[in-house]
Amino acid sequence: MIVLAVVAAAAACGAPTEDATPAEAPHGYVQGAEETAEAQTRLVVNDAEAGVVRVLDLVTEEVVEVARVGAVESVTGDGRHAYLAAADGSVRVVDGGSWMVDHGDHVHYYRAAARDVGSVPSAAPVSVQGDQAVTALALADGTVRLLDRARLDDGVVAELATIPRAPHRGPAVPYGGHVLASAAEPGQELGSRVAVHDRAGAQVATIGEPCPQLEGAAVTRRGVVFGCADGALLVTEGEGGFRGEKIGYPRPVPETERAREFRHRPGSATLAATAGDAGVWALDLGRRTWSLHETGPVVAVNTAGAGTPLLTLTADGVLHALDPASGQELAQNPLLAAPVVAGTTIEIDSSRAYVNDPAAGVIHEIDYGDALRVARTFDVDGVPSLMVESGR
Amino acid sequence: MRGVLAAVAALLLALTGCGGGEPERSVVVTTNILGDVTRNVVGDQAEVTVLMGPGADPHSFAISAQQAARLERAGLVVHNGLGLEEGVQRHVDAARAAGVPSFAAAESVDPLPYATDGTPDPHFWTDPQRVRRLADLVADQVVEHVEGVDEAAVRRNAARYGAAVEELDAALTEQFGRIPPERRKLVTNHHVFGYLAQRYGFEVVGAVIPSGTTLASPSASDLESLAAAVRAAGVPAIFADSSQPDRLARVLADRAGVHVAVVPLFSESLTREGEGAATYLEMMRANADAIARGLGT
């Protein structure tokens, strides 16, 4: 009798049906991802001639082809995934397979296989911005589409929400659990304010400080920067919600010379931008100051911040290192053959900069702390037309 | 006889994982370091399940739906806390909300603040005296919350394991005591040795280890910060997590004229059997040997 009870208890749920349940993975975890001792930086590179996307691993120096694509107009990244805006209006998502998780006092670095995640059809984005939770595609018709970043990490394109806006060309930036989006008056081509939306898309607040002719946005550790006709609007999150602070230009700036596209090292508090034909802007968020360096026209600009040089590439193919405070030239390197083709960019991390050279079919690795020395040159098996760094 | 059979039935229920809402006679532990301590204390008095596999990262390891379900039926959940196990924190919270007793280890052994920002440092296990205290605290929790355990047996286990940890502490005190005082410096990019340093009188010198891309073609300035830290500390070894330790040592010698051994340490996870740190005691002894050997005795 007692023995039977024991057997019954043992047999009652003998079949381990729960084993069939798929593993529930926490955010940021990828099956097969490997934690590594150091940053695993990679470049996601579009070859416009061959119509392929390759990933160059900057540690192992391996190049892998991950996707075949049509004509691509621009590429942006969120630290892990690359978003390639195609001429047909779709956005192709490629997982660079390297990323970092910042724990404040230390950082964890991960590496996994790069892969083709998928496509978002008929998007035609004017801006793509992402954080750890969502990716915001701001479309030309004003709509913002929010993609689920955790699902992208799992290799699936999934939409979370849509934010309807008046039709205009204005960025939307995921930040602080919300989305900061350019807001325009009806009939205007550009935004004039920043609205705060929750991640379901609902508008919850508007930043009081206006931002006329809003163009360009960048996420930094000190907040989100929006480009305005009269300077930069820095939006930060505090106890009482989001607030905006204007960092005005030192003097009125002609429309042709204002900053429209910010370039920086993620994590840095110094942003760089071209200033029309006048030269380049450096925006120091710590000091809340703009500096104009009258270098004349440049093709590309970037900086790692924290006192490191401002890097510019001029149309003659020469890479320049400028003192970030005085603008004085510290070094130059005739890196590329003239004329420099469109799509040539400077990507930058905390130790090296990368310049793609479509004409020569290579990517140059530059030690910007050592007089623009070429540290390595990578052959990418094709034409590096556009690129973005991941894992930094 | 009847009692024995009832115990067998309870054990079978626990093993087959069909508690039907009743708490199991089981202890579920998040990290493998805590798992080792808990297993030693519990012995054969209850089933101990450890969620984090060997060689995993405590911050990001994931658990299966089956493990999550088991967590919610556990008699007791032991976790590190202070933000260490981010990947499973929500499961631990859910279990606690469902009424499962849970014990946060780090908070109960007088955590130290990080030198950098003053927030509590979760990596208490690098101090054996705190682990000694933990053994008794885990015993208290098991006796209080897990039905049907033999209190005397659990206390005996805790005392036995506690004695082994005390022995470890004495051995480390002796071993580190032979390192010349001026060399008791850990130049490291690990962030877990604050407790060890405080216990045994080391100074932790935080160092930035040049990355893989930098080491491929380094310049003097890439190595300057680390080379300066090594020179100032005057130590013959650094304790770094580097994917290319030999290359790092070579470029430091060639480019910066700094001759040091680059020594890896175990930090946040036990390993599989035979890989050097299969138990807490083995991990601590291995690290102590590596530090003592590296810094010279």
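Residues numbered from 1 in each chain as written. Chains lettered and ligands numbered in written order. Predicted model: local features only at pLDDT ≥ 70, side-chain atom pairs only at ≥ 80, totals over all residues. Heavy atoms only, no water.

**Describing the overall build of chain A**
Here's step 1: Summing up its helical and strand segments, chain A has two helices and 34 strands in all.
Here's step 2: For 392 residues, the compact-globule estimate of 2.2 N^0.38 gives 21 Å, and the C-alpha radius of gyration of chain A, at 23 Å, lies within 12% of that figure.
Here's step 3: Relative to its full complement of 392 residues, chain A shows a buried share of 53%.
Here's step 4: Contacts in chain A between residues at least 24 apart in sequence constitute 45% of all its contacts with a sequence separation of at least 6. (Helix = DSSP H or I, 4+ residues; strand = E, 2+ residues; numbered from the N terminus. Rg over C-alpha atoms; globule rule 2.2 N^0.38 Å. Buried < 20%, exposed > 50% of the residue type's maximum accessible area, 1.4 Å probe, protein only. Contact = heavy atoms within 4.5 Å.)

**A few points about the state of the cysteines**
All names here are of chain A.
Here's step 1: Applying the stated criterion across every chain yields a total of one disulfide over all chains.
Here's step 2: A disulfide bridge connects Cys-211 with Cys-228, and the sulfur atoms are separated by 2.0 Å. Across the S-S bond of Cys-211 and Cys-228 the torsion is about -105°, and the bridge reads as left-handed. Of this pair, Cys-211 sits in the loop between strand E18 (203–206) and strand E19 (217–220) while Cys-228 is found in strand E20 (residues 223–228), placing the two residues 17 residues apart along the sequence.
Here's step 3: Taking the relative accessible area as the measure of exposure, Cys-228 reaches 0% and is therefore buried. (Disulfide = S-S within 2.5 Å.)

**Observations concerning unusual backbone geometry**
Residues and elements named next belong to chain A.
Here's step 1: Here the bond from Ala-338 into Pro-339 is cis, since omega is -5°, no more than 30 degrees from zero.
Here's step 2: Secondary-structure assignment places Pro-339 in the loop between strand E29 (329–334) and strand E30 (346–348).
Here's step 3: A positive phi angle is found at Glu-61, which is not glycine, with a value near 65°.
Here's step 4: Relative to the helices and strands, Glu-61 is located in the loop between strand E3 (52–57) and strand E4 (63–68).
Here's step 5: For Glu-61, a relative accessible area of 42% puts it in the partly exposed group.
Here's step 6: Residue Arg-288 is not a glycine yet carries a positive backbone phi of 60°.

**A short note on the environment of Ala114(A)**
All names here are of chain A.
Here's step 1: For Ala-114, the location among the structural elements is in the loop between strand E9 (107–111) and strand E10 (115–120).
Here's step 2: Each C-alpha atom of the pair Ala-114 and Leu-56 lies 9.7 Å from the other, and the pair is 58 residues apart in sequence.
Here's step 3: When near neighbours in sequence (up to four residues on either side) are disregarded, Ala-114 contacts Arg-42, Val-55, Val-66, Asp-95, Gly-96 and Gly-97.

**A short note on the packing of helix H3 (residues 65–73) of chain B against helix H4 (residues 89–97) of chain B**
All names here are of chain B.
Here's step 1: Two elements in contact, H3 and H4, have axes separated by 8 Å at closest approach and are oriented at 35°. The crossing of H3 and H4 is right-handed. Mapping the contact onto sequence places Ala-68, Leu-71 and Glu-72 in H3 and His-91, Val-92, Ala-94 and Ala-95 in H4.
Here's step 2: Of the residues that constitute the contact of H3 with H4, the class distribution is five nonpolar, one polar and one charged. (Axes fitted to C-alpha atoms, helices over the stretch in contact; angles between N-to-C directions. Left-handed = near helix turned anticlockwise from the far one by under 90°. Nonpolar A, V, L, I, M, F, W, Y, C, P; charged D, E, K, R; others polar.)

**Details of the sheet that holds strand E15 (residues 172–175) of chain A**
All names here are of chain A.
Here's step 1: In spatial order, the strands read E15-E16-E17-E18; together these four strands make up an open sheet with antiparallel pairing. Each end of this open sheet is capped by a strand with a single partner; those strands are E15 and E18. Strand-to-strand, the axes of this sheet are offset by a mean angle of 30°, without reference to chain direction.
Here's step 2: Here E15 pairs with strand E16 (residues 178–183) via four bridges, running antiparallel. Bridging from a neighbouring strand, Ala-172 pairs with Ala-181 of E16. (Pairing = 2+ DSSP bridges.)

**Focus: the domain arrangement of chain B**
All names here are of chain B.
Here's step 1: The domains assigned to chain B are domain 1 (21–170) and domain 2 (178–294).
Here's step 2: Inter-centroid distance (C-alpha atoms) of domain 1 to domain 2 is 29 Å.
Here's step 3: Between domain 1 and domain 2, the contact holds 30 residues from the first and 21 residues from the second.
Here's step 4: Contact between domain 1 and domain 2 buries roughly 2200 Å² in total, counting both sides, with carbon and sulfur atoms accounting for 59%.
Here's step 5: Residue Arg-199 pairs with Asp-127 through a salt bridge whose shortest N-O separation is 2.8 Å.
Here's step 6: Across the contact surface, domain 1 and domain 2 share 17 residue pairs in polar contact (both at pLDDT 80 or more).
Here's step 7: Elements represented by at least two residues in the side of domain 1 that touches domain 2 include exactly helix H2 (32–42), helix H5 (128–145) and helix H6 (151–177).
Here's step 8: Element by element, the count of residues in the side of domain 1 that touches domain 2 is highest for H6, at five residues.
Here's step 9: For the side of domain 1 that touches domain 2, the class distribution of residues is 17 nonpolar, seven polar and six charged. (Domains from an automatic or database assignment. Buried area = accessible area lost by both parts, 1.4 Å probe. Salt bridge = Lys/Arg side-chain N within 4 Å of Asp/Glu carboxyl O. Polar contact = N/O pair within 3.5 Å; in protein donor to acceptor, adjacent residues only side chain to side chain.)

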